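For reference, the chains in residue letters:
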Amino acid sequence: MVRFLHISDSHIGPDPAFQTCGHNPLRELSELVRVINALPFPFDFVLHTGDVADESSEVSYKLAASVLANLKAPIHYVPGNHDCSVGMQRTLLASKEPLGRIDQFFAVGGVQFLLLDSRGAIQPGGELTQSQLEWLAAFCTADGPPLVIALHHPPITLDVPWLDSDTAMTVPMLLSNRGAFVDTIMPARSRLRGVFFGHVHRAFQVVESGILFSSAPSIVGQLKTWPELTEPVLAAEEAPGYCLVTIDEQRTIVQQYSFARAASARVASELQTCSTQ
Ligand SMILES: [Fe+2]
């Protein structure tokens, strides 16, 4: 069995006071780390599905690292469209010889994990190269242990016009060669326990072709994804969140949690202090 926390889209800026989505991402990330470290059960690791930084400068990654270093569990990263893969590798993964793209494999609790770098040539959309699809295909055989795949960009449509539209008039958001991606993973369908993604700043759980596709909410701000919405709208009033994922012999269980924003958490703890004095 394996249990992990799926987090995404922290968008740390180059300045501690930086704001995006109407909030301060560094404060929200610090609060998330505090919440995660206080969870009253064990878990194996944290999975961050990208957009760690908002504008990929080294100082942004150093700020992110200064907070994430306090996590009491290992963390794995998938680069997002806002990320610089080299900067991430150098600062967050302490890599001395960073690669242009990073695809990663590891196994925990008898489950295989494949993390794909899906940053595409046309921003902010995603794309996998032919060599990445070949690398993926080598793992996606019919037989083997349970398998989990993670990438930043959604590899399926989500019934949201501003996310799903692939025309020249719109901003691409999905994985452009998602058909080739699904064809590649399909031989492993019977042992595929989920495809986890970020980018959409909203928790989705979709079962398509017998495969679970699941995204995590953003750490800093959510976006509205109504079925008929043709452009993104900020949901500044919504709380940040994360997902708890448990994979056992029979099931994949995804639980979504929100957490109070750093400012409200501080007020709540002050009120608690007042009431106990
Ligand atoms: Fe994002």
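Calculation rules
Residues numbered from 1 in each chain as written. Predicted model: local features only at pLDDT ≥ 70, side-chain atom pairs only at ≥ 80, totals over all residues. Heavy atoms only, no water. Helix = DSSP H or I, 4+ residues; strand = E, 2+ residues; numbered from the N terminus. Buried < 20%, exposed > 50% of the residue type's maximum accessible area, 1.4 Å probe, protein only. Pairing = 2+ DSSP bridges. Axes fitted to C-alpha atoms, helices over the stretch in contact; angles between N-to-C directions. Right-handed = clockwise from strand over helix to strand, strands pointing away. Salt bridge = Lys/Arg side-chain N within 4 Å of Asp/Glu carboxyl O.

Undergrad: What should I look at first to understand unusual backbone geometry in this one?
TA: Most peptide bonds take the trans configuration, and most residues that are not glycine carry a negative phi. Note that the residue after Gln-123, namely Pro-124, is joined by a cis bond; omega there is -5 degrees. Tracing the chain through its elements places Pro-124 in the loop between β5 (111–115) and α4 (130–139). Despite not being glycine, His-199 shows a phi value in the positive range, around 75 degrees. Within the element layout of this structure, His-199 appears in the loop between β7 (192–197) and β8 (205–208). Judged by relative accessible area, which is 4%, His-199 ranks as buried.

Undergrad: Could you clarify how one ought to interpret the pairing of strand β9 (residues 211–215) in this entry?
TA: Every regular strand shows the same layout, with side chains that alternate between the two sheet faces. Most of β9 is tucked away: five of the five residues are buried. The alternating pattern of β9 places Ile-211, Phe-213 and Ser-215 and Leu-212 and Ser-214 on opposite faces, both of which are buried. Where β7 lies against β9, three bridges are found, and the strand directions are parallel. Residue pairing in the sheet places Val-195 in a bridge with Phe-213 of β9. If you look at the hairpin formed by β8 and β9, you'll find two residues sitting between the two strands, and Ser-209 has a positive phi there, around 55 degrees.

Undergrad: Where do I start with the sheet that holds strand β4 (residues 104–108) in this structure?
TA: In any sheet, the strands associate via hydrogen bonds between backbone groups, in a parallel or an antiparallel arrangement. On the basis of which strands lie adjacent, the open sheet formed by six strands has the order β4-β5-β6-β7-β9-β8 and mixed pairing. Here the strands that pair on one side only, and so sit at the sheet edges, are β4 and β8. The average angle at which neighbouring strand axes cross in this sheet is 20 degrees, direction not considered. Sheet topology note: the β8/β9 ladder contains four bridges and is antiparallel. Each residue of the ladder has a partner; that of Glu-208, found in β9, is Ile-211.

Undergrad: Any chance you could explain the pairing of β5 here in plain terms?
TA: With five of five residues buried, β5 is to be regarded as a mostly interior element. Burial along β5 is two-sided: Val-111, Phe-113 and Leu-115 and Gln-112 and Leu-114, pointing in opposite directions, are all buried. Looking at chain direction, β4 and β5 are connected through five bridges and run antiparallel. Bridge pairing links Ala-107 to Gln-112 in β5. Hairpin connection from β4 to β5: two residues lie between these consecutive antiparallel strands, with Gly-109 at a positive phi of about 55 degrees. By the bridge criterion, four bridges tie β5 to strand β6 (residues 147–150) in an arrangement that is parallel. By the bridge assignment for β6, Leu-115 is matched with Ala-150. Crossover handedness for the path β5 to α4 to β6: right-handed.

Undergrad: Looking at this structure, how should I read the pattern of salt bridges?
TA: Close approach of charged atoms allows side chains of opposite charge to pair. Across all of its chains, the model carries seven salt bridges by this definition. Measuring nitrogen to oxygen at the nearest pair gives 3.4 Å for the salt bridge that ties Glu-58 to Lys-62. Of this pair, Glu-58 and Lys-62 both sit in helix α2 (residues 58–68), separated by four residues, roughly a single helical turn. For Glu-58, a relative accessible area of 47% gives the class partly exposed. Here Arg-251 ties to Asp-248 by a salt bridge, and the two come within 2.7 Å at their closest N and O atoms. Given a relative accessible area of 47%, Arg-251 falls into the partly exposed group.

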